[in-house]
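# Results of the structural survey
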Amino acid sequence: NGNISVQDLAARMHVPTTEIIKALFMKSVMVNINQTLDQPTAELVARELGFEVQTEQTVTQTTRTEMLDLEDIESLEPRPPVVTIMGHVDHGKTSLLDAVRSARVAEGEAGGITQHIGAYQIQISGEEGERKLTFLDTPGHEAFTAMRARGAKVTDITVLVVAADDGVKPQTVEAINHAKAAGVPIVVAINKIDKPDANPDRVKQELTEYELVPEEWGGKTVMVPVSAKQKLNLDLLLENLLLVADYELDLQANPNREAKGTIIEANLDKSRGPVATALVQNGTLHLGDILVVGAIYGKVRALYDDRGNRVDSAPPSTPVQVLGLTEVPQAGDEFEVYSDEREARRIADERARKLRESRLLEQAAARSARVSLGS
Ligand code: GTP
Ligand code: MG
């Protein structure tokens, strides 16, 4: 709607908030730091301070509010973007992420096929100091639709990887649909441009059929030609992700509250028990926290970051491995931390009871269906 807070406008123009308040005061408009300006007023300030105003390009920022509560509003702080890598099998998603992280996950995968969601965080130094980005790597094999849908649900930005020598394929289209359904902006990485038969223009042409038109053709979609193998244009891709995060999205969370988030992956480890990879989406997860996931209850016994280092806490947008759950939770389930252990136990027990009841009802319904069929 073109409205912007004094603080955001100041940040966007890299001027102190007092400059804005002063400029408006000179025009007989009194505002305080907490106020929101409408578009004409914001433009007036910008011109006053010598900025060029581009009105044809009104930027609407969207915030994911699913994980936020009303009480958080006073304590919101910027959080890193969660970026999910999606695309057709073998188009180079894991390799691209490896190249960005300087890691070698792709080489170690069985049959060269990703079969789970990988969660990583990188830190880069930008103009305004250190910036973090969280990445989720999804499988491209057609069998793993549910994982791709899960990835799209928790992400802020989708990187759609399309191999320049192969073009748009069924899971490319599927990924586009997941991102659109989740209302998530898409940044296209046209990968493998080092290959002799690479044809980035054909990829762009094919993508226009799905309403993804590159900026250089007058559209709105950022498309970056890259090579994971030769590490080409990786910085450009990261820069563009941060631009989308900063100008199209308003990524905030309240780090000073009990954690909430989503289980990305979970499995039973022979020696460590249930192990879950959790994405913290609001609040901070701490050692010793009491956590409820679905009908499962637990106390955080250990936390590991994406490199396997033990950590004491995980702020918003951080993926962490959590030990201490009593059972293996379902991937995709949301978790929440409770300050009161008895309350947490009660909620988990209640959910477990409801689950048992609905299972019994289903079984009874199935039995009576068989009986009425005369079998
Ligand atoms: P799934 O997770 O199974 O869907 O595959 P993926 O998209 O993660 O692809 P992966 O990174 O495993 O790479 C598939 C193959 O493409 C591997 O043999 C990579 O070495 C190769 N590859 C990836 N990126 C590039 C690139 O930029 N150039 C070239 N020439 N080969 C690449
Ligand atoms: Mg992969």
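See the structure printed just above.
We now turn to the structure provided with this report. The structure displayed is predicted, hence computed values, not measured ones.

## Some thoughts on the overall build of the chain
When you go through the chain residue by residue, the secondary structure sums to nine helices and 19 strands. Dimensions of the chain, computed from the C-alpha atoms along their principal axes, are close to 80 × 55 × 50 Å. Per-residue burial over the chain gives 45% buried out of 375 residues. Put simply, of all contacts in the chain between residues at least 6 apart along the chain, 70% involve residues at least 24 apart.

## Some words on the packing of aromatic side chains
Scanning all chains against the criterion turns up zero aromatic pairs. Sitting over the ring of tyrosine 120, arginine 101 keeps its end group 3.6 Å from the ring centre. Its guanidinium or amino end placed over the ring of tyrosine 304, arginine 272 lies 5.6 Å from that ring's centre, counting from NZ or CZ.

## Quick word on the pattern of salt bridges
One pass over the full model with this rule turns up 22 salt bridges. Two residues, aspartate 69 and lysine 260, come together in a salt bridge whose shortest N-O distance is 3.4 Å. In this pair, aspartate 69 is assigned in the loop between helix H3 (39–48) and strand E3 (77–78) and lysine 260 in strand E11 (residues 260–269), connecting sequence segments 191 residues apart. The exposure class of aspartate 69 is partly exposed, given its relative accessible area of 26%. Residue class for lysine 260 comes out buried when judged on its relative accessible area of 10%. Three or more residues are tied together by salt bridges with common partners; here these are Asp69, Asp72, Arg257 and Lys260.

## Details of unusual backbone geometry
In the Ramachandran plot, histidine 14 falls in the positive-phi region, its phi being about 55° despite a non-glycine side chain. Within the fold, histidine 14 resides in the loop between helix H1 (6–13) and helix H2 (17–26). You can call histidine 14 exposed: its relative accessible area is 56%. For lysine 231, which is not a glycine, the phi torsion comes out positive at approximately 55°. If you trace the backbone, lysine 231 turns up in the loop between strand E9 (223–225) and helix H8 (234–247). Among the residues examined, lysine 231 registers a relative accessible area of 45% and is labelled partly exposed.

## Observations concerning empty space enclosed by the protein
Applying the stated criterion across every chain, the model contains two cavities of 30 Å³ or more. Taken as a whole, the largest cavity holds about 50 Å³ of empty space. Lining the largest cavity we find Ile85, Leu96, Leu97, Val100, Phe135, Val159, Leu237, Leu238 and Leu241. Those elements giving two or more residues to the lining of the largest cavity turn out to be helix H4 (93–101) and H8. Grouping the amino acids of the lining of the largest cavity by side-chain chemistry returns nine nonpolar, no polar and no charged. The computed volume of the second largest cavity comes to approximately 30 Å³.

## What about the pairing of strand E8 (residues 186–191)?
Residues in a regular strand point their side chains to alternate faces of the sheet. Counting buried positions along E8 gives six out of six residues, so the element sits mostly inside the fold. Side-chain alternation along E8 places Ile186, Val188 and Ile190 on one buried face and Val187, Ala189 and Asn191 on a second face that is also buried. Read from strand E7 (residues 157–163) through helix H6 (residues 170–182) to E8, the crossover connection turns out right-handed. On the question of chirality, the crossover connecting E8 to the parallel E9 by way of helix H7 (residues 200–208) is right-handed.

## Remarks on H4
Of all nine residues making up H4, seven are buried, and the element is well covered by its neighbours. Listed in full, the buried residues belonging to H4 are Lys93, Thr94, Leu96, Leu97, Asp98, Ala99 and Val100. Where H4 terminates, the next one or two residues include serine 102, which has phi positive at roughly 55°.

## Looking at H1
Along H1, the positions that sit buried rather than exposed are Val6, Leu9, Ala10 and Met13. In an axial view of H1, the angular spread of the buried residues amounts to 100°, which keeps them on one side of the axis. On the buried face of H1, the contacting elements are strand E1 (4–5), H2, strand E2 (36–37) and H3. Backbone geometry just after H1 places histidine 14 at a positive phi near 55°.

## Quick word on the coordination of the magnesium ion (ligand 2)
The magnesium ion (ligand 2) binds to the protein through Thr94 (OG1) and Thr114 (OG1); the donor distances cover 2.0 Å. Here threonine 114 lies in the loop between H4 and strand E5 (118–126) and threonine 94 lies in helix H4, a separation of 20 residues in the sequence. In this structure, threonine 94 and threonine 114 share a single accessibility class: buried.

## Quick notes on the layout of surface pockets
When its volume is computed, the second largest pocket comes out at roughly 410 Å³. Counted by class, the lining of the second largest pocket contains seven nonpolar, nine polar and eight charged residues.

## What about the environment of alanine 198?
Mapping alanine 198 onto the fold places it in the loop between E8 and H7. Judged by its relative accessible area of 22%, alanine 198 falls in the partly exposed class. Along the sequence, alanine 198 and lysine 132 sit 66 residues apart, while their C-alpha atoms lie 31 Å from each other. Leave out the neighbours within four places in its chain, and alanine 198 touches Ala164, Asp165, Lys192 and Ile193.

Rules and cut-offs
- Residues numbered from 1 in each chain as written.
- Chains lettered and ligands numbered in written order.
- Predicted model: local features only at pLDDT ≥ 70, side-chain atom pairs only at ≥ 80, totals over all residues.
- Heavy atoms only, no water.
- Helix = DSSP H or I, 4+ residues; strand = E, 2+ residues; numbered from the N terminus.
- Buried < 20%, exposed > 50% of the residue type's maximum accessible area, 1.4 Å probe, protein only.
- Contact = heavy atoms within 4.5 Å.
- Phe/Tyr/Trp six-rings, centres within 6.5 Å; stacked < 30°, edge-to-face > 60°.
- Lys NZ or Arg CZ within 6 Å of the ring centre and 35° of its normal.
- Salt bridge = Lys/Arg side-chain N within 4 Å of Asp/Glu carboxyl O.
- 1 Å grid on protein atoms, 1.4 Å probe; cavity = no way out; pocket = protein on both sides within 12 Å on 5 of 7 lines; lining within 4 Å.
- Points joined across faces, edges and corners; volume = space filled by probe spheres on them.
- Nonpolar A, V, L, I, M, F, W, Y, C, P; charged D, E, K, R; others polar.
- Right-handed = clockwise from strand over helix to strand, strands pointing away.
- Arc of directions from axis to C-beta.
- Donors = N, O, S within 2.8 Å, 3.2 Å for Na, K, Ca; no water.

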